Amino acid sequence: MTVLQSPPFCFDAENQQKAETYLAQYPPAHKQSALVPLLDLAQNQCGGWLPQPALEAVAALVGIPFLKALEVASFYSMFHLKPVGSYHVQVCSTTPCWLSGSDDLYKACKDQLGICKGETTADKKFTLSEIECLGACVNAPVVQINEVFYENMTPYRLIEILKKLAAENSKKDSERQRV
Ligand code: FES
């Protein structure tokens, strides 16, 4: 497994305070129990993924070897070991979603964004990933985009959502340029 390198990592002041709050919730002998929330905190600070220095820093904080932190980060699909786009489109393709049309959703993404599973658009705005059951099979097919779940998804609706997100992102970009 490849873990990408990046500059040294330490929590910023605000996140350091949050990290200390998480650690304080566990007895000192069990501070490794704070691993998952600390990885999540580090991932948010790193722009949505976990470079090796961030994994090392979190591992040191909870007193475990780097490889243990890597095992956890590579087990949960919520953690990413390489950069993802501003919008991470995760299409569930476990059996109920697959039977309900997840392949058509991948095609919609390909048509709209020009990317296949595991790829990121050239402008780094969208990443498309396959994901296992999101726990909403009764309303399959399901797509998760960043923190939002979309159920009973159709290709048409997905394309409309992608268009809306692309437009919002362009608006944010031009506002940033004006500041
Ligand atoms: S199979 Fe897709 S949400 Fe369960």
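Just so it is clear, the structure is predicted and the values come from calculations on it, not from any experiment.

1. Some thoughts on the overall build of the protein chain
Part 1 of the argument: Assigned secondary structure in the protein chain consists of 7 helices and 4 strands.
Part 2 of the argument: Secondary structure elements in the protein chain, listed N-terminal to C-terminal, are α-α-α-α-β-α-α-β-β-β-α.
Part 3 of the argument: Based on the C-alpha atoms only, the size of the protein chain along its principal axes is roughly 50 × 45 × 30 Å.
Part 4 of the argument: Counting all 179 residues of the protein chain, 24% fall into the buried class.
Part 5 of the argument: Across the protein chain, the fraction of contacts at a sequence separation of at least 24, relative to all contacts at a separation of at least 6, is 60%.

2. Overview of the sheet that holds strand E3 (residues 143–145)
Sheet strands line up and pair through hydrogen bonds in the backbone, either parallel or antiparallel.
Part 1 of the argument: With mixed pairing, the 4 strands of this open sheet are ordered in space as E2-E1-E3-E4. What marks the edges here is a single partner per strand, and that holds for strand E2 (126–131) and strand E4 (148–150). Each strand of the sheet is rotated relative to its neighbour by a mean of 20 degrees, with strand direction disregarded.

3. Topic: the nonpolar core
Part 1 of the argument: Ranked by internal contacts, the top residues of the largest apolar core, which has 19 residues, are Val89, Val91, Leu105, Cys109, Val142, Val143 and Leu158.
Part 2 of the argument: When contributions to this core are tallied by element, the ones reaching two or more residues are strand E1 (87–92), helix H6 (102–113), E2 and helix H7 (155–178).
Part 3 of the argument: The dominant element in this core, judged by the number of residues it contributes, is H6, at 5 residues.
Part 4 of the argument: Excluding residues that lie within four positions of it along the chain, Val143 makes contacts with Val89, Gln90, Val91, Leu105, Tyr150, Met153 and Leu158.
Part 5 of the argument: Counting 15 residues, the second largest nonpolar core, distinct from the first, contains Ala42, Leu55, Ala59 and Ala69.

4. Some details on the domain arrangement of the protein chain
Part 1 of the argument: Once the domains are mapped, the protein chain shows domain 1 (13–75) and domain 2 (87–178).
Part 2 of the argument: The C-alpha centroid of domain 2 is placed 28 Å from the C-alpha centroid of domain 1.

Criteria and cut-off values
- Residues numbered from 1 in each chain as written.
- Predicted model: local features only at pLDDT ≥ 70, side-chain atom pairs only at ≥ 80, totals over all residues.
- Helix = DSSP H or I, 4+ residues; strand = E, 2+ residues; numbered from the N terminus.
- Buried ≥ 20, exposed ≤ 12 C-beta atoms within 10 Å, placed from the backbone.
- Contact = placed C-beta atoms within 7 Å.
- Pairing = 2+ DSSP bridges.
- Axes fitted to C-alpha atoms, helices over the stretch in contact; angles between N-to-C directions.
- Core = buried A, V, L, I, M, F, W, Y, C linked by C-beta atoms within 7 Å.
- Domains from an automatic or database assignment.

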